Amino acid sequence: MNIVEKITRLKKEKDAVILAHNYQRDEIQDIADYIGDSLGLSKKAAEISCKTIVFCGVQFMAESAKILSPEKTVLLPRKEAGCPMADMVTVDELKELKAAHPDAKVVCYVNTNADVKAECDVCCTSANAVKVVQKIDADKVIFVPDKNLADFVSRWNRDKEIIPWDGYCYVHEEIRINDVKKAKELHSDAVLIVHPECKREVIDLADEVLSTGGMVKFARNSNAKKIIIGTEVGLIYRLKKENPDKVFYTAGPARMCKNMKITTLEDVYLALKEEKYKIEIDEEIRKRAKKALDKMLQYV
Ligand code: 13P
Ligand code: SF4
């Protein structure tokens, strides 16, 4: 039996479902039951019925699945698959900022650890951040941890004061204005779509600003035949597979998230075989974090 057959057999035996983020390695995307963005995968984790979820992504995503579905075993095949941006804000630091702005509500990007989510009023993802902030009942909003997403959100919520955290995604931060300009010159008949974790100067060059799930839909539904993609390179595999008649380019040099690429087929096999690494969250923290995620799911 090859490794894919072994994974398929174990999946059946353990009543497991494999969820994978759009940035995962090609071969992981190929074996996943569902591929998606953070919002899509959170919704899927909450609604599917199975005993075990193998989450091929990073820690905060697997945690979100566990927060929403505590009765399921949620496995993260590589325990060191974290998100550096999520680690840029701690509970103590956030508490300090909250104390300085007692009249503000706190919106946290899903790219946060569970204990930080527990300190927030509502979560958001890149797919719904603008809407979540629009809907929140406050004039002042603390937004953690992504300063670029906070800036993007503030441009669509001019009636609210947004207090950003100083975090960022190193992958999107590396997408540079001059490289993007060159890509546009080189492919002048292509449209440019970028992720809202990009810097403002890059966002200003774009035709559309979308989550990875939004990019998948755009590629499917748009008449554009040539599209420049301003996000982590892993998404392009899915875009090409689903749209063989279209051409996709990176917005400058291909940018890769090493945390997203750490998980291999061998890791998925071992995760299923040895039931590792189980996500465990303190029940009191989980309940408070769930409120923030539930509120987001109610809003959008
Ligand atoms: P989305 O897929 O939700 O757009 O998020 C991108 C990302 O950086 C996840 O780590
Ligand atoms: Fe975190 Fe950025 Fe990697 Fe997403 S792409 S996991 S935000 S470092």
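All values reported here derive from a predicted model rather than from experimental measurement. (Residues numbered from 1 in each chain as written. Chains lettered and ligands numbered in written order. Predicted model: local features only at pLDDT ≥ 70, side-chain atom pairs only at ≥ 80, totals over all residues. Heavy atoms only, no water.)

## A word on the layout of surface pockets
What counts, and what does not: In this analysis a 1.4 Å probe is tested at points of a 1 Å grid over the protein atoms alone, and where it fits but cannot get out there is a cavity; an open set with protein on both sides within 12 Å along at least five of seven lines is a pocket; lining residues have an atom within 4 Å of a point. Grid points are joined across faces, edges and corners, and a volume is the space filled by probe spheres set on the points. By the convention adopted, Pro, Cys, Tyr, Trp, Phe, Met, Ile, Leu, Val and Ala count as nonpolar, Lys, Arg, Asp and Glu as charged, and the other residues, Gly among them, as polar. Strands are runs of DSSP state E lasting at least 2 residues, helices are runs of H or I lasting at least 4, and numbering of each runs from the N terminus.
Approximately 600 Å³ is the volume attributed to the largest pocket. Residue composition of the lining of the largest pocket, grouped by class: 14 nonpolar, seven polar and six charged. Approximately 180 Å³ is the volume found for the second largest pocket. Together, Val130, Phe152, Arg155, Trp156, Ile203, Asp204, Glu208 and Val209 line the second largest pocket. Of all the secondary structure elements, the ones that give two or more residues to the lining of the second largest pocket are helix H8 (147–155) and strand S10 (208–209). Partitioned by chemical class, the residues of the lining of the second largest pocket number five nonpolar, no polar and three charged.

## Comments concerning the sheet that holds strand S7 (residues 140–144)
Selection rule: Pairing between strands is defined by DSSP: at least two bridges between them are needed. For helices, the fitted axis covers only the stretch in contact; all axes are lines through C-alpha atoms, and the angles between them, taken along N-to-C directions, range from 0 to 180 degrees.
Across the sheet, four strands lie side by side as S6-S5-S7-S8; this open sheet has parallel pairing. What marks the edges here is a single partner per strand, and that holds for strand S6 (122–124) and strand S8 (161–164). This sheet shows a mean twist of 30 degrees between the axes of neighbouring strands, independent of strand direction. Sheet analysis places strand S5 (residues 105–109) next to S7, joined by four bridges and oriented parallel.

## Focus on the packing of aromatic side chains
Geometrically, a pair of aromatic rings is defined through the distance of the ring centres and the angle of the planes. Put simply, the rule is: Any two rings among Phe, Tyr and Trp, with Trp reduced to its six-membered ring, count as a pair given centres within 6.5 Å; such a pair is stacked if its planes are under 30 degrees apart, edge-to-face if over 60, and tilted if neither. By definition, being over a ring means that NZ of Lys or CZ of Arg is both within 6 Å of the ring centre and within 35 degrees of the ring normal.
Considering all chains together, one arrives at zero aromatic pairs under this definition. Here the basic side chain of Lys6 rests over the ring of Tyr269, its NZ or CZ set 5.1 Å away from the ring centre.

## Looking at the pairing of S7
Selection criterion: Type-normalised accessible area, obtained with a 1.4 Å probe on protein chains alone, sets the label of each residue: buried when under 20%, exposed when over 50%, and partly exposed for intermediate values. We call a crossover right-handed when, viewed with the strands running away from us, the connection from the first strand over the helix to the second turns clockwise.
The element S7 is largely enclosed, with a buried count of five among its five residues. Burial along S7 is two-sided: Lys140, Ile142 and Val144 facing one way and Val141 and Phe143 facing the other are all buried. For S7 and S8, the ladder comprises four bridges, and the chain directions are parallel. Its bridge partner lying in S8, Phe143 is registered against Pro164. Crossover handedness for the path S7 to H8 to S8: right-handed.

## Considerations on the packing of helix H3 (residues 38–47) against helix H4 (residues 59–68)
The relative placement of two packed helices comes down to the angle between their axes together with the axis-to-axis distance. For the record, the criterion: Left-handed is the label given to a crossing in which the near helix is rotated counterclockwise from the far helix by less than a right angle, and right-handed is the label when the rotation is clockwise. Two residues qualify as a contact provided that any one of their heavy atoms is within 4.5 Å of a heavy atom in the partner residue.
Two elements in contact, H3 and H4, have axes separated by 8 Å at closest approach and are oriented at 35 degrees. At the point where H3 passes H4, the crossing takes the right-handed sense. Taking contact as the criterion, the partners of Ser38, Ser42, Ala45 and Ala46 in H3 are, on H4, Phe60, Met61, Ser64, Ala65 and Leu68. Here the residues of the contact of H3 with H4 sort into six nonpolar, three polar and no charged.

## Focus: the site of ligand 1
What counts, and what does not: We call a residue near a molecule or strand as soon as one heavy atom of that residue lies within 4 Å of the molecule or strand. Two N or O atoms form a polar contact when they lie within 3.5 Å of each other; inside protein one atom must be a possible hydrogen donor and the other a possible acceptor, and for residues adjacent in sequence the pair counts only when both atoms belong to side chains. For the area figures, the Shrake-Rupley method with a 1.4 Å probe applies, and any residue is considered shielded solely by the protein chains shown. The rule for placing a molecule in a cavity or pocket is simple: more than half of its atoms must lie within 2 Å of the grid points.
Taken together, 13 residues form the shell around ligand 1, and within it His21, Ser38, Ser126, His195 and Thr212 come nearest. One of the side-chain nitrogen or oxygen atoms of Ser38 is found 2.8 Å away from an oxygen atom of ligand 1. His195 places a side-chain nitrogen or oxygen 2.7 Å from an oxygen atom of ligand 1. Protein chains shield 96% of the accessible area of ligand 1, which is 300 Å² for the free molecule. Mapping ligand 1 onto the cavity grids shows that it belongs to the largest cavity. Of the residues in the shell around ligand 1, the class split is four nonpolar, seven polar and two charged.

## Quick look at the site of ligand 2
In the vicinity of ligand 2, the residues found are Tyr23, Val58, Cys83, Pro84, Met85, Asn111, Cys169, Tyr170, Val171, Glu197, Cys257 and Met260. According to the grid-proximity analysis, the pocket containing ligand 2 is the largest cavity. Looking at the shell around ligand 2 residue by residue, the classes come out as 10 nonpolar, one polar and one charged.

## Focus on H3
Among the residues of H3, those classed as buried are Ser38, Leu39, Leu41, Ser42 and Ala45. If you follow the buried residues of H3, they end up packed against strand S1 (16–21), strand S2 (34–36), strand S3 (52–56), H4 and helix H15 (283–299).

## Structural notes on a positive patch on the surface
This is how it is decided: Patch criteria: residues need more than 30% relative accessible area and no salt bridge. Like-charged residues are merged within 9 Å; nonpolar side chains of Val, Leu, Ile, Met, Phe, Trp and Tyr are merged within 5 Å. Salt bridge criterion: a side-chain nitrogen from Lys or Arg within 4 Å of a carboxyl oxygen from Asp or Glu. Within this scheme the basic residues Lys and Arg register as positive and the acidic residues Asp and Glu register as negative, but His and the chain ends are omitted. Every charge is mapped onto a representative atom, which is NZ of Lys, CZ of Arg, CG of Asp or CD of Glu.
A cluster of basic residues, Lys43, Lys131, Lys135 and Lys217, forms a positive patch on the protein surface. In this fold, Lys131 is placed in helix H7 (residues 129–135). What makes Lys131 partly exposed here is its relative accessible area of 47%.

## Quick look at the environment of Trp156
When you line up the elements, Trp156 lands in the loop between H8 and S8. Along the primary structure Trp156 and Asn178 are separated by 22 residues, whereas in three dimensions their C-alpha atoms are 25 Å apart. The contacts of Trp156, once residues within four sequence positions are left out, are Val130 and Gln134.

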